[in-house]
Amino acid sequence: MRMNTILAGIAMGLLLLASSAAASDYTLGVFGNANEDDTINMQDVTYTELIILEYRDRTELADGKYDDKINMQDVTQIELIILGREKELTVLDSADRAVTIPKPVERIVVLWKNAPEEIRAMGVIDRIIGIDTDTAGETGYMGGPLFFPELMDVPVVGSCDDPNYEMIIDLDPDVVIMLASYPPLPDEVQEILAPASIKVVGLDFYRVDVFYEELATLGYILDTEERAEEYINFFQSWTDRIDYVVEDLEPEEKKTVYFEQVAKYHSYGGAYYGCGVPGAVRAAGGIYIYDDVSEYGFEVDPEDLIDRNPDVIFKLANVGNGGYTLTDTSELKEVRDEIINRPEMSLITAVKNDDVYVINMGISGGARKLFAPVFMAKCLYPKKFEDLEPHDYLKEYLEEWQNLPYQGVYVHSYPPE
Amino acid sequence: MTTNSEATEIAEAYSKFTFKKVLFIITSLVGLGAMVLLATSMGASDLSVYDVFNAIIARTLPFLGIESNLHDEIIIWNLRFPRVVMGVVAGAGLAVSGAVMQGVMRNPLVSPFTIGISSAAAFGASIAIMFGIGFVGSGTYLIIINAFVFALLCAFLVYGIAKIRGVTPETLILAGIALMYLFGALTATLQFIATEQQLMAVIHWTFGTLTGSTWNEILIVTVLFLSCFPFLMLYAWDLNAMASGEEVAKSLGVNTSRVRTVSLTLATLITAGIICFTGIIGFVCLVAPHITRFVIGGDHRFLIPCSCIFGAILLLAADTAGRIMFSPVIIPVGIVISYIGVPLFLYLLMKIRRVYWV
């Protein structure tokens with residue numbers, strides 16, 4: 001009884017502190033994050049104690065042990081997570097699945113090329129012991145190394161669509177990291193690998209809205225929480241620079257944007273999150289003209305495009321390994337010329353004002369989605385972003401976080417006038 | 001006396017029958033004209049019939065001094081008209097190819113796609129999309145040329161294989177189906193290793209669309225179609241004879257092997273010429289000749305031109321519906337045509353009691 005009173009006293013004292021921490025940009029999807037902020041720290045210990053004492057409502061992530069009970073074992077688990085000495089960790093992946101992973105995670109199989117890029121940023125790419133065919137395709141180029149020279153000798157375990165389960169079981173990884181919503185789904189893969197006690201986590205690393213959550217979760221899985229936090233801060237330092245300006249834009253200042261896929265007159269719908277392109281345009285301060293369309297990708301009626309009359313056109317290209325192996329703008333110029341030379345395009349403001357930009361996959365696809373808003377913002381509002389040089393952003397990313405030399409051509413025509 | 005009277009009656013009945021068919025052709029042509037007008041006047045851009053009329057007259061009859069604005073003219077002359085004209089030519093071409101192939105093979109299930117042309121074209125396009133220079137400029141032409149070359153290559157392979165065993169319908173169909181599966185597997189292999197973007201481009205190509213049709217493309221397709229069509233018409237009598245059976249045709253002096261080889265080559269040429277620009281629009285080849293056959297019978301002198309007209313109407317209707325239904329999203333014509341063609345086909349199949357295939 002006396003113990004309870006003391007605990008309650010301490011808890012009440014920390015109540016204010018615990019409450020204030022709840023207002024963060026994203027929620028870390030790890031069980032033990034009792035106050036559902038972006039990290040696990042002593043506030044979560046306090047918060048869980050308050051739940052036990054019924055001073056606080058139970059939260060989903062408070063159940064650190066993931067046994068459907070909130071008790072002192074959860075408090076102990078949270079303390080172990082803080083100390084980095086937990087035996088198991090339960091995370092909520094992007095397929096909304098709770099997965100309990102044995103710790104430490106030393107052996108990883110990846111089934112999509114976004115994950116190894118982020119694992120390298122965490123400084124532990126050497127823990128990858130199996131890769132999919134897409135990742136394997138980017139280890140080398142024309143005999144030389146490309147994006148993943150570290151993975152050139154790592155075994156290939158099939159494609160993301162059709163993994164070779166026998167090979168995966170033979171490799172005996174602690175965890176398989178794969179896409180969350182692309183078939184086969186994580187649950188299906190997990191069912192097959194469950195008898196071998198291999199855990200499967202679905203993390204996309206291409207959706208702007210959950211990117212930071214996924215990175216933070218990855219940090220906890222790999223015991224690189226601090227590195228993940230620095231990495232997120234790096235991205236935020238750049239996106240904050242455009243956010244401040246974009247927030248102050250008057251509605252009439254905002255430019256309308258048409259984003260065309262690699263295929264002619266094909267765009268992305270923006271009613272749902274989809275591929276992330278509409279979100280990137282919005283983040284850059286643009287008004288996405290197909291926000292009302294729910295299809296992921298669709299064929300655009302050119303007549304309708306003329307009626308919507310976008311101020312700016314971004315055209316996606318996928319040339320020169322996303323731009324990394326390009327040395328000049330000739331191929332991107334060819335793509336741009338094709339658009340501006342379509343006779344009907346002469347009616348569109350973007351073409352009349354020469355506001356047509358070709359964006360290569362290397363700054364807009366997959367794990368590079370976070371770069372697109374910054375490059376787009378520069379193209380949309382060049383005067384407001386005179387001091388912003390997105391190429392420095394990419395340079396820092398490649399050199400500091402990916403251990404790759406900075407090279408390539410990613411956008412054309414550029415810089416905007 | 002009685003014999004003469006019977007002969008006169010037969011001649012009159014035949015004239016009446018022929019007159020009905022000619023009337024059907026004229027009615028269909030009027031229907032096609034109406035469909036062209038409808039397709040040209042409908043679209044996402046809010047143009048009135050008056051605007052459309054002005055835009056057409058301003059360019060075709062400039063001496064009349066009728067004024068139109070640049071916006072309307074571009075919409076009509078660069079977007080709608082090329083689409084409509086390509087729809088007409090492609091529909092006509094694909095339907096005539098189907099009609100001829102079904103006649104030559106004496107098989108209702110045959111179309112240019114049965115002998116593997118579409119699979120081969122898709123494989124050719126996939127190679128260009130995946131390993132080509134790019135997706136636009138030279139890349140676009142690479143896709144077109146690849147699709148065309150592979151479609152022809154497949155057809156020649158089929159004929160070559162059939163030649164060894166004798167150019168009979170059975171050998172052609174079996175060799176065609178075998179190659180269709182082979183090219184299908186090759187395309188699937190490429191899709192298996194394709195990136196997300198490449199896969200999307202390949203799939204879009206296989207849907208078939210009239211978007212992006214240009215006057216140059218239309219010129220090529222039209223010249224190809226008009227060059228082959230008269231020769232196919234010349235074989236109409238021979239095809240009629242072959243419909244009664246191989247032996248009957250031979251006894252009437254028809255060189256069945258030559259007719260088969262030449263007409264199949266021409267039909268392949270037309271199909272390859274069309275689908276290399278539009279992507280795979282398959283169903284019209286199969287359904288347009290059958291629907292026409294239901295209505296006017298199996299006389300190839302009428303079947304071939306009528307199939308052309310009906311194929312054009314069907315493709316144009318499907319494309320217009322695909323443009324209008326979920327605007328601004330365009331549903332590819334290769335998909336819509338089945339939704340329109342199948343109910344019509346099934347209705348006629350149930351309604352018409354005549355049997356053309358035994």
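These numbers were taken from a predicted model, which means no experiment stands behind them.

Enquirer: What should I look at first to understand a negative patch on the surface in this one?
Expert: A surface patch of like charges, here negative, comprises A:Glu247, A:Asp248, A:Glu250 and A:Glu252. The topology assignment puts A:Asp248 in the loop between helix H9 (225-247) and strand S9 (256-260).

Enquirer: Looking at this model, I keep getting lost on a nonpolar patch on the surface. Mind explaining?
Expert: All names here are of chain B. Among the surface-exposed residues, Phe-53, Leu-61, Phe-63, Leu-64 and Ile-66 lie close enough to one another that they form a single nonpolar patch of about 490 Å² accessible area. Residue placement: Leu-61 occurs in the loop between helix H2 (49-60) and helix H3 (70-105). Judged by its relative accessible area of 31%, Leu-61 is partly exposed.

Enquirer: Before we go on, may I ask you to explain the packing of aromatic side chains in this structure?
Expert: A ring pair, where both rings are aromatic, is described by two values, the distance of the centres and the angle of the planes. All names here are of chain A. Per the counting criterion, the structure on display carries 29 aromatic pairs over all chains. Aromatic pair Phe-147 and Tyr-324: ring centres 4.9 Å apart, planes at 50°, arrangement tilted. On the criterion of sequence distance, the pair formed by Phe-147 in the loop between strand S6 (144-145) and helix H6 (165-171) and Tyr-324 in the loop between strand S13 (312-317) and helix H12 (330-340) is long-range, its members being 177 residues apart. When its relative accessible area of 6% is taken as the criterion, Phe-147 is described as buried. An aromatic cluster is built from Phe-205, Phe-211, Tyr-231, Phe-234, Phe-235, Trp-238, Phe-371, Tyr-393, Tyr-397 and Trp-401, whose rings are joined through pairwise contacts. The ring of Trp-238 has Arg-241 sitting right over it, with the charged end atom 4.9 Å from the ring centre. Here the guanidinium or amino end of Arg-368 rests over the ring plane of Phe-147, the centre of that ring lying 5.5 Å away.

Enquirer: Looking at this structure, I do not really get the sheet that holds strand S12 (residues 297-300) of chain A. What am I missing?
Expert: Backbone hydrogen bonds hold the strands of a sheet together, and the pairing may be parallel or antiparallel. The antiparallel open sheet is built from three strands, whose spatial order is S10(A)-S12(A)-S1(B). The open sheet terminates on both sides in strands that have one partner only, identified here as strand S10 (266-268) of chain A together with strand S1 (329-330) of chain B. Sheet topology places S12(A) next to S1(B); two bridges connect them, and they run antiparallel. Each bridged residue has a counterpart across the sheet, and for A:Glu299 the counterpart in S1(B) is B:Ile330.

Enquirer: For this particular structure, what's the right way to read the pattern of salt bridges?
Expert: Pairs can form between side chains of opposite charge once their charged atoms are near each other. The full count for this structure, using the stated rule, is 27 salt bridges over all chains. Taking the shortest distance from any N to any O, the salt bridge between A:Glu106 and A:Arg127 comes out at 3.8 Å. You can see A:Glu106 sitting in the loop between strand S2 (98-102) and strand S3 (108-110) and its partner A:Arg127 sitting in the loop between helix H4 (114-121) and strand S4 (128-130), a full 21 residues away along the chain. Given the relative accessible area of 14%, A:Arg127 is considered buried. Close ionic contact of B:Asp319 with B:Arg83 constitutes a salt bridge, the shortest N to O distance being 2.7 Å. Taken as a pair, B:Asp319 in helix H13 (residues 300-324) and B:Arg83 in helix H3 lie far apart in primary sequence, 236 residues in all.

Enquirer: What exactly am I supposed to notice about the nonpolar core here?
Expert: Side chains that are nonpolar tend, in soluble globular proteins, to be buried together. Grouped together as the largest cluster of nonpolar side chains are 115 residues, with contacts concentrated most on A:Ile119, A:Leu222, A:Phe235, A:Tyr290, A:Leu305, A:Ile313 and A:Phe314. Sorting elements by how many residues they give to this core places helix H8 (residues 211-222) of chain A first, with eight residues. Discounting residues that sit within four places of it in the chain, A:Ile119 has contacts with A:Ile108, A:Val110, A:Val124, A:Ile125, A:Ile128, A:Ile177, A:Leu218 and A:Leu222. Counting residues in hydrophobic clusters, the runner-up holds 100 residues, among them B:Leu32, B:Ile270, B:Ala272 and B:Cys306.

Enquirer: Where do I start with the pairing of S9(A) in this structure?
Expert: Two faces, one strand: in a regular strand the side chains alternate between the faces of the sheet. All names here are of chain A. With five of its five residues buried, S9 lies for the most part within the structure. Judged by which residues are buried, S9 turns out to be covered on both faces: Thr-256, Tyr-258 and Glu-260 on one side and Val-257 and Phe-259 on the other are all buried. Taken together, the two bridges between S9 and strand S11 (residues 287-288) define a ladder with parallel strand orientation. Bridge pairing in S11 links Thr-256 to Ile-287.

Enquirer: Would you take a moment to explain the interface of chain B and chain A for this structure?
Expert: Where interface size is given, it is often the accessible area lost as the parts come together that is meant. Listed as interface residues are 32 residues of chain B and, on the opposing side, 35 residues of chain A. Taking both partners together, chain B and chain A bury about 2,800 Å²; carbon and sulfur atoms supply 61% of that area. Counting the contacts that link chain B with chain A gives two salt bridges. Only H3, helix H7 (196-207) and S1 of chain B provide two or more residues apiece to the side of chain B that touches chain A. For the side of chain B that touches chain A, the element with the highest residue contribution is H3(B), accounting for eight residues. For the side of chain B that touches chain A, the residue count by class is 15 nonpolar, twelve polar and five charged.

Enquirer: Explain empty space enclosed by the protein to me, please; I cannot follow it from the model alone.
Expert: Where empty space is left becomes clear once a probe the size of a water molecule has been rolled over the atoms. Residue and element names in this part refer to chain A. Scanning all chains against the criterion turns up three cavities of 30 Å³ or more. In this structure, the second largest cavity spans a volume of roughly 40 Å³. As for the second largest cavity, its lining consists of Leu-111, Cys-160, Met-178, Leu-179, Tyr-182, Pro-183 and Pro-184. Partitioned by chemical class, the residues of the lining of the second largest cavity number seven nonpolar, no polar and no charged.

Enquirer: Please clarify how the sheet that holds S4(A) should be interpreted in this entry.
Expert: All names here are of chain A. Within the open sheet, the four strands sit side by side as S4-S3-S7-S8. Their pairing is parallel. In the strand order of this sheet, the two ends are held by S4 and strand S8 (199-202), each with one partner. Taken over all neighbouring pairs, the strand axes of this sheet differ in orientation by 35° on average, direction set aside. As paired strands, strand S7 (residues 175-178) and S8 are joined by four bridges and run parallel to one another. Across the sheet, residue Val-175 finds its bridge partner in S8, namely Lys-199. In the packing of helix H7 (residues 186-193) onto the sheet, the strands contacted are S7 and S8, and the crossing angle to S8 comes to about 170°.

Calculation rules
Residues numbered from 1 in each chain as written. Chains lettered and ligands numbered in written order. Predicted model: local features only at pLDDT ≥ 70, side-chain atom pairs only at ≥ 80, totals over all residues. Heavy atoms only, no water. Patch = residues over 30% accessible without salt bridge, like charges linked within 9 Å, V, L, I, M, F, W, Y side chains within 5 Å. Areas by Shrake-Rupley, 256 points an atom, 1.4 Å probe, with all protein chains shown as cover. Salt bridge = Lys/Arg side-chain N within 4 Å of Asp/Glu carboxyl O. Lys, Arg positive; Asp, Glu negative; His and termini not counted. Charge placed at Lys NZ, Arg CZ, Asp CG, Glu CD. Helix = DSSP H or I, 4+ residues; strand = E, 2+ residues; numbered from the N terminus. Buried < 20%, exposed > 50% of the residue type's maximum accessible area, 1.4 Å probe, protein only. Phe/Tyr/Trp six-rings, centres within 6.5 Å; stacked < 30°, edge-to-face > 60°. Lys NZ or Arg CZ within 6 Å of the ring centre and 35° of its normal. Pairing = 2+ DSSP bridges. Core = buried A, V, L, I, M, F, W, Y, C linked by side-chain atoms within 4.5 Å. Contact = heavy atoms within 4.5 Å. Buried area = accessible area lost by both parts, 1.4 Å probe. Nonpolar A, V, L, I, M, F, W, Y, C, P; charged D, E, K, R; others polar. 1 Å grid on protein atoms, 1.4 Å probe; cavity = no way out; pocket = protein on both sides within 12 Å on 5 of 7 lines; lining within 4 Å. Points joined across faces, edges and corners; volume = space filled by probe spheres on them. Axes fitted to C-alpha atoms, helices over the stretch in contact; angles between N-to-C directions.

All quantities given are derived from atomic positions and should not be read as evidence of function.
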